[in-house]
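Listed below are the residues making up each chain.
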Amino acid sequence: MPRSSKQFDLDTFSGTFRSESDRACAVLGAALIDERLKQLFDRRLHYSNASLLSHSGVLGSFSSRISIARALTWISDDVRFDLDQVRDIRNKFAHNADHELSFTDQSIGDKCRTLKVAQTLIDAHEALANLPPARFSPQVIRSMASVFQSPRQRFEVTVEMLSQHLDELGSTKPEYVGPNLKDELWTLGMKEPTVQIQITVSPQSVDGSSPDNGRPPTEGSPNDA
């Protein structure tokens, strides 16, 4: 069982979470992750948190929070993938009127088997079982890994691990460090205007008059050549 985070008593939640029906498990698990993700944004955003994270705000949906968190590189691509899978599994249960729908349904089971958190734990146990004999036999280690094998168990452990992971992402709120537009405009406005005078001098003839006295050349004049 994952240890509790400082912000949330995960052990208490898991006690009820694991005893719920399949539908309630899927909906509650996704609600937990969505709330942990919302708290991450609340910790890291500087301004307008309430409006941005409200139901009608640009960060008001589970999917938008996942996408933006990944775009800001707050989470890894593996975490993003599992968050999206948890959201999709929740949607399948929430939008399906079939009261018999469960984690044993093939479409839901297939999604659960793609969850990277659970598969990583299974793979790690298998690698441990293949090491030279240690405290536990390979059979015991593989039996421990079997805890994560069923679709629902994969979902449960993924939700719990993601919840802990999101809570452990700290608060990083760097101030804006780019150009100061106000200072740039002030400097621009304080510059004294400069006046440029342009004088055009026409070429003069030897006697001081303008060539051809400014008249256009007549027919047959040298200028027609």
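Note that this is a predicted model, so its numbers are computed, not measured.

1. Side note on the pattern of salt bridges
Now for step 1: Within this structure, the stated rule accounts for 13 salt bridges.
Now for step 2: Between Glu160 and Arg18 there is a salt bridge; the shortest N-O distance is 2.9 Å. Of this pair, Glu160 sits in helix H9 (residues 151-168) while Arg18 sits in the loop between helix H1 (10-17) and helix H2 (22-44), and the two are 142 residues apart along the sequence.
Now for step 3: When its relative accessible area of 0% is taken as the criterion, Glu160 is described as buried.
Now for step 4: By relative accessible area, Arg18 is classed as partly exposed at 35%.
Now for step 5: Measuring nitrogen to oxygen at the nearest pair gives 3.0 Å for the salt bridge that ties Arg113 to Asp110.

2. Notes on the nonpolar core
Now for step 1: Counting 34 residues, the largest nonpolar core has Leu37, Phe41, Leu83, Ile89, Phe103, Phe155 and Leu166 as the members making the most contacts within it.
Now for step 2: Contributing elements (two or more residues each) for this core: H1, H2, helix H4 (62-71), helix H5 (77-94), helix H6 (106-112) and H9.
Now for step 3: Those residues in contact with Leu37, other than ones at most four positions away along the chain, are Phe62, Arg65, Ile66, Ala69 and Leu166.

3. Overview of a nonpolar patch on the surface
Now for step 1: A contiguous nonpolar surface patch, about 530 Å² in accessible area, is contributed by Val195, Ile197, Ile199 and Val201.
Now for step 2: Tracing the backbone through its elements, the reader meets Ile197 in the segment after helix H10 (181-190).
Now for step 3: Of the residues examined, Ile197 reaches a relative accessible area of 74% and is grouped as exposed.

The rules we used
- Residues numbered from 1 in each chain as written.
- Predicted model: local features only at pLDDT ≥ 70, side-chain atom pairs only at ≥ 80, totals over all residues.
- Heavy atoms only, no water.
- Salt bridge = Lys/Arg side-chain N within 4 Å of Asp/Glu carboxyl O.
- Helix = DSSP H or I, 4+ residues; strand = E, 2+ residues; numbered from the N terminus.
- Buried < 20%, exposed > 50% of the residue type's maximum accessible area, 1.4 Å probe, protein only.
- Core = buried A, V, L, I, M, F, W, Y, C linked by side-chain atoms within 4.5 Å.
- Contact = heavy atoms within 4.5 Å.
- Patch = residues over 30% accessible without salt bridge, like charges linked within 9 Å, V, L, I, M, F, W, Y side chains within 5 Å.
- Areas by Shrake-Rupley, 256 points an atom, 1.4 Å probe, with all protein chains shown as cover.

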